[in-house]
Amino acid sequence: MAGRLDALDLSLRLSRAQEAKRLAAAQTRLVWLRLSLGGQIGDEPKLGPPLCVVFEGWDASGKGGCIKRLTAPLDPRHVRVKSYAAPTYDEKRHHFLWRFWPALPGWGGMAVLDRSWYGRVLVERVEGYATEEQWQRAYDEICEFEGTLVAEGMIMVKFWLHLSEEEQLKRFERRAQDPLKRWKLTDEDWRNRDSRPAYEAAVEDMLARTDTPHAPWCLVEGDSKRWARVKVVETVAAAIEDGLRERGLPVPEQPPGPVPQLHK
């Protein structure tokens, strides 16, 4: 049966000019919203709710490029980027969610997570690093975990970057030929590609069981990097505005003036 991934239109594209215009506008809005959340602007500045942006997706789906466009215009003192790999020996001694708590933002803060607790129901499920009882139980644990964070005020944005098998292979091959990017491509990446059907089933289960009203998934069409980058930044800006309204907080108006050309 077709799932949510099959319904995505991976042919969506933006021209270079379209990307530049929309990205600059979205980044400008994001900077203003981020300063507001951090209590840096306004007639009576005060800390806003924490913002957590979670990135999941296929290998070579463009997570790094999207994170770069999301954080580049922001003051590095106002955002934390944390990347997660396999848990260490010590981390395995604790509940699987334990290692993620230190990176979570407090009021006025922002964190961007490059992979997350969803590893339990993705790679750990498919590769057998977690028992079936553990990863089946994890769906409810994750939903309760995210629900607790949102109930305390957190704005949570979750992205799955989707990529076709054909485009992924092209990116793998380009990486293999580029001495400056070859380090990104590992034997594990190729093995994961061979297990794609199992991963697709795991992703569909993840989307079905952890897409909640308080922490919904945003699926990003990733075959075009330009489209994906713009969609991510625009989505985060919109999520902040919606989150402020839902919490009864004012949404700051954008100051008048031309849209500056921000660093990309």
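Going by the structure above, here's the rest.
No experiment lies behind these values; they were computed from the predicted model shown.

Procedures and definitions
- Residues numbered from 1 in each chain as written.
- Predicted model: local features only at pLDDT ≥ 70, side-chain atom pairs only at ≥ 80, totals over all residues.
- Heavy atoms only, no water.
- Buried < 20%, exposed > 50% of the residue type's maximum accessible area, 1.4 Å probe, protein only.
- Helix = DSSP H or I, 4+ residues; strand = E, 2+ residues; numbered from the N terminus.
- Pairing = 2+ DSSP bridges.
- Axes fitted to C-alpha atoms, helices over the stretch in contact; angles between N-to-C directions.
- Contact = heavy atoms within 4.5 Å.
- Salt bridge = Lys/Arg side-chain N within 4 Å of Asp/Glu carboxyl O.
- Expected span 1.5 Å × (residues − 1).
- Core = buried A, V, L, I, M, F, W, Y, C linked by side-chain atoms within 4.5 Å.
- Parallel < 35°, antiparallel > 145°, perpendicular 65-115°, else oblique.
- Left-handed = near helix turned anticlockwise from the far one by under 90°.
- Nonpolar A, V, L, I, M, F, W, Y, C, P; charged D, E, K, R; others polar.

Draft legend 1. Main features of the pairing of strand S3 (residues 110-114). Taking burial as the measure, the 5 residues of S3 include 5 buried ones, the bulk of the element. Of the two faces of S3, the one holding Met-110, Val-112 and Asp-114 and the one holding Ala-111 and Leu-113 are both buried throughout. Relative to S3, strand S1 (residues 51-57) runs parallel, the two being bridged by 5 bridges. When the sheet's bridge partners are listed, Val-54 is paired in S3 with Leu-113. Inspection of the sheet shows strand S2 (residues 80-83) paired to S3 by 4 bridges, in the parallel sense. Note that in S3 the partner of Ser-83 across the bridge is Asp-114.

Draft legend 2. Region of interest: the sheet that holds S3. The strand order across the open sheet built from 5 strands is S2-S3-S1-S4-S5, with neighbouring strands paired in parallel fashion. Of all the strands in the sheet, the pair left with one neighbour each is S2 and strand S5 (217-221). Put simply, the sheet's adjacent strands are angled 20° from each other on average, direction ignored. In the packing of helix H2 (residues 63-71) onto the sheet, contacts are made with S1, S2, S3 and strand S4 (155-162), and the angle to S1 comes to roughly 160°.

Draft legend 3. Broad picture of the pairing of S5. In terms of burial, S5 is largely enclosed, as 5 of its 5 residues are buried. Across 5 bridges, the pairing between S4 and S5 is parallel. Considered in S5, the bridge of His-162 is made with Glu-221.

Draft legend 4. Geometry of unusual backbone geometry. Backbone geometry places Ala-60, a non-glycine residue, at a positive phi of 70°. Summarising the element assignment, Ala-60 is placed in the loop between S1 and H2. For Arg-115, which is not glycine, the phi dihedral falls at a positive 75°. Inspection of the secondary structure assignment puts Arg-115 in the loop between S3 and helix H3 (123-126). By relative accessible area, Arg-115 is classed as partly exposed at 26%.

Draft legend 5. Molecular detail of the pattern of salt bridges. For the coordinates displayed, the defined rule picks out 21 salt bridges. A salt bridge links Arg-115 to Glu-56; its shortest N-O distance comes to 3.5 Å. Remark: Glu-56 occurs in strand S1 and Arg-115 occurs in the loop between S3 and H3; sequence separation between them is 59 residues. As a salt-bridge pair, Arg-174 and Glu-167 come within 3.6 Å of each other at their nearest N and O atoms.

Draft legend 6. Representation of helix H7 (residues 196-210) within the structure. Here H7 contains 15 residues, and its C-alpha end-to-end distance of 20 Å stays within 8% of the 21 Å for a straight helix at 1.5 Å per residue. Within the sequence span of H7, burial applies to Arg-196, Tyr-199, Ala-202, Val-203, Glu-204, Met-206, Leu-207 and Thr-210. Residues of H7 that are buried sit in contact with H3, helix H4 (132-151), S4, helix H5 (165-177), helix H6 (187-194) and S5.

Draft legend 7. Local environment of the nonpolar core. Ranked by size, the top nonpolar core spans 36 residues in total, and within it Leu-113, Trp-117, Tyr-118, Val-121, Leu-122, Trp-160 and Met-206 carry the most contacts. Looking at this core, the elements that each hand over two or more residues are S1, S3, H4, S4, H7 and S5. It is H4 that contributes the most residues to this core, 7 residues altogether. Tyr-118 has contacts with Glu-56, Ile-142, Glu-146, Lys-158, Met-206, Thr-210 and Trp-217, leaving out every residue within four places of it along the chain. Ala-26, Val-53, Leu-70 and Val-79 belong to the second largest nonpolar core, which has 32 residues in total.

Draft legend 8. Summary view of the packing of H4 against H7. As a packed pair, H4 and H7 sit with axes 10 Å apart at the nearest point and diverge in direction by 45°. Taken as axis vectors, H4 and H7 run oblique relative to one another. Where H4 crosses over H7, the two elements pack in a sense that is right-handed. The segment H4 lies against H7, with Gln-136, Tyr-139, Ile-142, Cys-143 and Glu-146 engaging Asp-205, Met-206, Arg-209 and Thr-210. Split into classes, the residues belonging to the contact of H4 with H7 amount to 4 nonpolar, 2 polar and 3 charged.

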